Amino acid sequence: MANKNRQEFNEQDFEKAYDQETSRINAQLDEEILFAMIGDVNTGKSSTINKLIGDEVAMVGAKPGETTGIDRYIYRDKIIFADTPGLDDINNRNSQETMKFYKNADVILFFLNAAGTVFSEGEKKSFEIISKENKNILFVLNKIDAADDIQSLVNYVKQNTENKYNVIPISSRTGENIDKLRNEILDILKKRIRKSNLPGS
Ligand SMILES: Nc1nc2c(ncn2[C@@H]2O[C@H](COP(=O)(O)OP(=O)(O)OP(=O)(O)O)[C@@H](O)[C@H]2O)c(=O)[nH]1
Ligand SMILES: [Mg+2]
């Protein structure tokens, strides 16, 4: 019990530090940065938005195809998370909307379900198309609470993408590694600030 309390305390502390850091970064950003949650249905895109924002803003459902349109969530006025319909939504029109939308994203969080077929043939095809247009991709391997041997799943994704992209294993259910995902997002944002401060930019 004492341990649990301590962990909760640390999480709250971390949350506060993260809030302050993102506010500071937000003030230094010249333009809006859009993070798009992209991936097959049911991979936990909406659940992860809720964890990142710290509130139940996005609808989550066990039934695939819960998110039916592009939903923008403003985390800070220049830091935006966009939720999207799954790439393999049986309602093809919803998936098509995502395949149009990802081009507007500055950063793509490409979601995979650790408890399903990780980086399936369908996902590989979507990834090929998307990565041709936009290489700012971060893989999010969600549902690690419901899977075994996470490291080999991470390795599998890396091997199939020439080791070019980071893969963050998380659970948006238990909150495991959400801090890692947040840190990765902070790093991406900090690089943006540095870029815009370069002479001539
Ligand atoms: N075990 C487990 N279940 C999860 C996790 N994240 C989400 N889920 C469950 O997976 C289901 C789908 O979650 P959503 O967040 O709605 O997934 P989505 O990718 O937004 O799905 P669509 O909107 O249908 O494309 C829900 O039943 C969630 O409770 C996780 O980390 N672990
Ligand atoms: Mg959704």
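As the structure is a computational prediction, the values presented were derived from the model and not from experiment.

A. Examining the packing of aromatic side chains more closely. All told, the structure shown has 10 aromatic pairs when counted by the stated rule. Centroid distance F35 to F81: 5.7 Å. Interplanar angle 50°. Geometry classified as tilted. Of this pair, F35 sits in strand 1 (residues 33-39) while F81 is found in strand 3 (residues 79-83), placing the two residues 46 residues apart along the sequence. The same class applies to F35 and to F81, which are both buried. When the ring of Y75 is compared with that of F81, the centres are 5.8 Å apart and the planes differ by 40°; the resulting orientation is tilted. Just as Y75 is buried, F81 falls in that class too. An aromatic cluster is built from F110, F119, F127, F139 and Y165, whose rings are joined through pairwise contacts. Across from the ring centre of Y75, 4.4 Å away, lies the NZ or CZ of R76, which sits over that ring.

B. Structural context of helix 4 (residues 121-133). Look at helix 4: 19 Å from first C-alpha to last across 13 residues, which is about the 18 Å you get at 1.5 Å a residue. At its buried positions, helix 4 is contacted by strand 1, helix 3 (92-101), strand 4 (107-113), strand 5 (137-142) and helix 5 (150-159).

C. Focus on the site of ligand 1. Neighbouring ligand 1 are 21 residues; K45, S47, G65, D145 and S172 lie closest to it. Here an oxygen atom of ligand 1 sits 3.1 Å away from a polar atom, N or O, in the side chain of N142. Contact distances for ligand 1 include 2.7 Å between a nitrogen atom and a side-chain N or O atom of D145. Here ligand 1 loses 92% of its free accessible area of 650 Å² to cover by the protein chains. It is helix 2 (residues 45-53) that contributes the most residues to the shell around ligand 1, 3 residues altogether. For the shell around ligand 1, a count of residues per class yields 4 nonpolar, 12 polar and 5 charged.

D. Expanded view of the coordination of the magnesium ion (ligand 2). At the metal site, the magnesium ion (ligand 2) is ligated by S46 (OG) and T67 (OG1), and these contacts range over 2.0 to 2.1 Å. Taken together, the residues S46 in helix 2 and T67 in the loop between helix 2 and strand 2 (71-76) connect sequence positions 21 residues apart. In terms of burial, S46 and T67 fall into one category: buried.

Parameters and conventions
- Residues numbered from 1 in each chain as written.
- Chains lettered and ligands numbered in written order.
- Predicted model: local features only at pLDDT ≥ 70, side-chain atom pairs only at ≥ 80, totals over all residues.
- Heavy atoms only, no water.
- Phe/Tyr/Trp six-rings, centres within 6.5 Å; stacked < 30°, edge-to-face > 60°.
- Helix = DSSP H or I, 4+ residues; strand = E, 2+ residues; numbered from the N terminus.
- Buried < 20%, exposed > 50% of the residue type's maximum accessible area, 1.4 Å probe, protein only.
- Lys NZ or Arg CZ within 6 Å of the ring centre and 35° of its normal.
- Expected span 1.5 Å × (residues − 1).
- Contact = heavy atoms within 4.5 Å.
- Near = heavy atom within 4 Å.
- Polar contact = N/O pair within 3.5 Å; in protein donor to acceptor, adjacent residues only side chain to side chain.
- Areas by Shrake-Rupley, 256 points an atom, 1.4 Å probe, with all protein chains shown as cover.
- Nonpolar A, V, L, I, M, F, W, Y, C, P; charged D, E, K, R; others polar.
- Donors = N, O, S within 2.8 Å, 3.2 Å for Na, K, Ca; no water.

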